[in-house]
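Okay, here's what each chain looks like letter by letter:
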Amino acid sequence: MTITEKIEHISKWTAENFEKEVNEINIGSGENDFAQIEKMVSEKLPKEFVEVYSKFNGEGGNQYGILFGLEFISTKKVISNLDFALSLIKPTERKIINQKKAEEILNGISELFLKSIPNKKKFGLFSKKWEKASFNCSHELYSGVMVKYKNGQTENFKVKEKYSDKIFALGRELHQLEQKNYNWDSLEFDMTPDGKFTVERKDYVWEDEIDFSSYPKDKIKKKYFHYKWLPIFHDFGGNFIGIDLDPDINGVKGQIIIFGRDEEKMIVLADSFDEFLDLSIKEMNENPKQFISENHIHEVYKQIKNCT
């Protein structure tokens, strides 16, 4: 069988053996997106990728995916996920280009947090005097306010709900303003009661925060997401099976790997896309029940590779 015939074969088996409706393969080329994908990964696309996506372009529908429930993603979704991976890359030289506009936005954010700290009479008494407040936000979320009092005690306050949308909007505005030249992940504020504040632009370094591992050892680079990992199949929850174009020292370029939001232990499933499909067909013929069990398909593949 050709590589596209193997995908059709697996899709047909999934449709016949799953109790719920399974999506259908999109017949049609994704060739118009090849140049953009090559530019994003700074690589020529693998022959197997080109062969598959020249005939098929993901799947259509809102049901189960064609690879035992996993979604076969389109070139547009490949681009979207590569966009996310590229967004994690930090500039070599960090610069704040529009200092005046940035200060205006930061002042707006700090004022909203300050307004969330009680400062009026409470039960007939004045609120306790505080000396420092700490809080943080990003373009996606924000914290509460941790207040430190002069006696050393601390207390946490929720941001008033009426300020939520404004904080999100200001965080997104500043991140967009500074993404190209700084690309921070969070803003960490310290404030005094007079409203004066200091702020640090912080990075979240996934590789330092999460104990990533590669199986086999040193075959996959220990990253959260990588712009040279081409996602092919998706579990609808931020986890992928895809092609690794930048393996670690013991890896093979073009190897098929598991990676994603919940995957701290990343697995090499095969040395090529074609080999991965052969493995899948062999296993579905020899032990079909594992693919229609309640187990997550990534866990099934880990069991197949003896690395659970």
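Before any of the text, the structure's been laid out above.
Here the structure is a predicted model, which means the values were calculated and not measured. (Residues numbered from 1 in each chain as written. Predicted model: local features only at pLDDT ≥ 70, side-chain atom pairs only at ≥ 80, totals over all residues. Heavy atoms only, no water.)

Backbone hydrogen bonds hold the strands of a sheet together, and the pairing may be parallel or antiparallel. Pairing is mixed across the open sheet formed by six strands, whose spatial order is 3-12-13-14-15-11. Strands at the two margins of the open sheet, each flanked by one partner only, are strand 3 (71–72) and strand 11 (213–215). Here strand 3 runs beside strand 12 (residues 229–234); their pairing, made up of two bridges, is antiparallel. When the bridges of strand 12 are listed, F72 appears paired with F233. Across the sheet, helix 3 (residues 47–55) is in contact with strand 3, strand 12 and strand 13 (239–244); its angle to strand 12 comes to roughly 45°. Here helix 8 (residues 273–286) sits on the sheet in contact with strand 12, strand 13, strand 14 (255–260) and strand 15 (265–270), set at roughly 90° to strand 15. (Pairing = 2+ DSSP bridges. Helix = DSSP H or I, 4+ residues; strand = E, 2+ residues; numbered from the N terminus. Contact = heavy atoms within 4.5 Å. Axes fitted to C-alpha atoms, helices over the stretch in contact; angles between N-to-C directions.)

As a further point, take the sheet that holds strand 6 (residues 130–137). Pairing is antiparallel in the open sheet, where five strands are placed in the order 8-7-6-9-10. Two strands close off the open sheet at either side, each with one partner strand: strand 8 (154–157) and strand 10 (197–202). Taken pair by pair, the neighbouring strands of this sheet meet at an average axis angle of 20°, ignoring direction. Both strand 9 (residues 186–191) and strand 10 contribute to a ladder of six bridges, which runs antiparallel. Looking at the pairing, F189 lines up with V199 of strand 10.

With respect to the helices and strands, D248 occurs in the loop between strand 13 and strand 14. Along the chain, D248 and K12 lie 236 residues apart, while their C-alpha atoms are 35 Å from each other. Look past the residues within four positions of D248 in its chain and what remains in contact with it is D218, K219, I220 and K221.

Taken together, the side chains of K115, K160, K162 and K166 present a region of like positive charge at the surface. Tracing the sequence through the fold places K160 in the loop between strand 8 and helix 6 (164–178). (Patch = residues over 30% accessible without salt bridge, like charges linked within 9 Å, V, L, I, M, F, W, Y side chains within 5 Å. Areas by Shrake-Rupley, 256 points an atom, 1.4 Å probe, with all protein chains shown as cover. Salt bridge = Lys/Arg side-chain N within 4 Å of Asp/Glu carboxyl O. Lys, Arg positive; Asp, Glu negative; His and termini not counted. Charge placed at Lys NZ, Arg CZ, Asp CG, Glu CD.)

Right, let's get into helix 3. Residues of helix 3 that are buried: F49, V52 and Y53. The buried residues of helix 3 occupy an angular sector of 90° when the element is viewed end-on, so they sit on one face. (Buried < 20%, exposed > 50% of the residue type's maximum accessible area, 1.4 Å probe, protein only. Arc of directions from axis to C-beta.)

Before going further, it helps to spend a moment on the environment of H175. As for its position among the elements, H175 is in helix 6. On the basis of relative accessibility, which here comes to 7%, the residue H175 falls in the buried class. Taking C-alpha positions, H175 is 7.7 Å from S138, a pair spaced 37 residues apart along the chain. Apart from residues lying up to four places away in sequence, H175 is in contact with H139, N183 and W184. Polar side-chain contacts of H175 include one of 3.2 Å to the backbone oxygen of W184. (Polar contact = N/O pair within 3.5 Å; in protein donor to acceptor, adjacent residues only side chain to side chain.)

On to the nonpolar core. Membership of the largest hydrophobic core comes to 48 residues, with the highest contact counts inside it found for F68, L230, F233, I241, F273, F276 and Y301. It is helix 8 that contributes the most residues to this core, six residues altogether. Discounting chain neighbours no more than four positions away, the residues touching Y301 are L67, F68, I241, I258, L269, F276, S280 and F291. I109, F135, V159 and L187 belong to the second-largest nonpolar core, a separate cluster that totals 26 residues. (Core = buried A, V, L, I, M, F, W, Y, C linked by side-chain atoms within 4.5 Å.)

A few words now on helix 1 (residues 3–17). In this model, helix 1 (15 residues) spans 21 Å end to end at C-alpha, consistent with the 21 Å of a helix rising 1.5 Å per residue. Buried positions along helix 1 lie against strand 1 (24–27), helix 3, strand 2 (56–60) and helix 8. (Expected span 1.5 Å × (residues − 1).)

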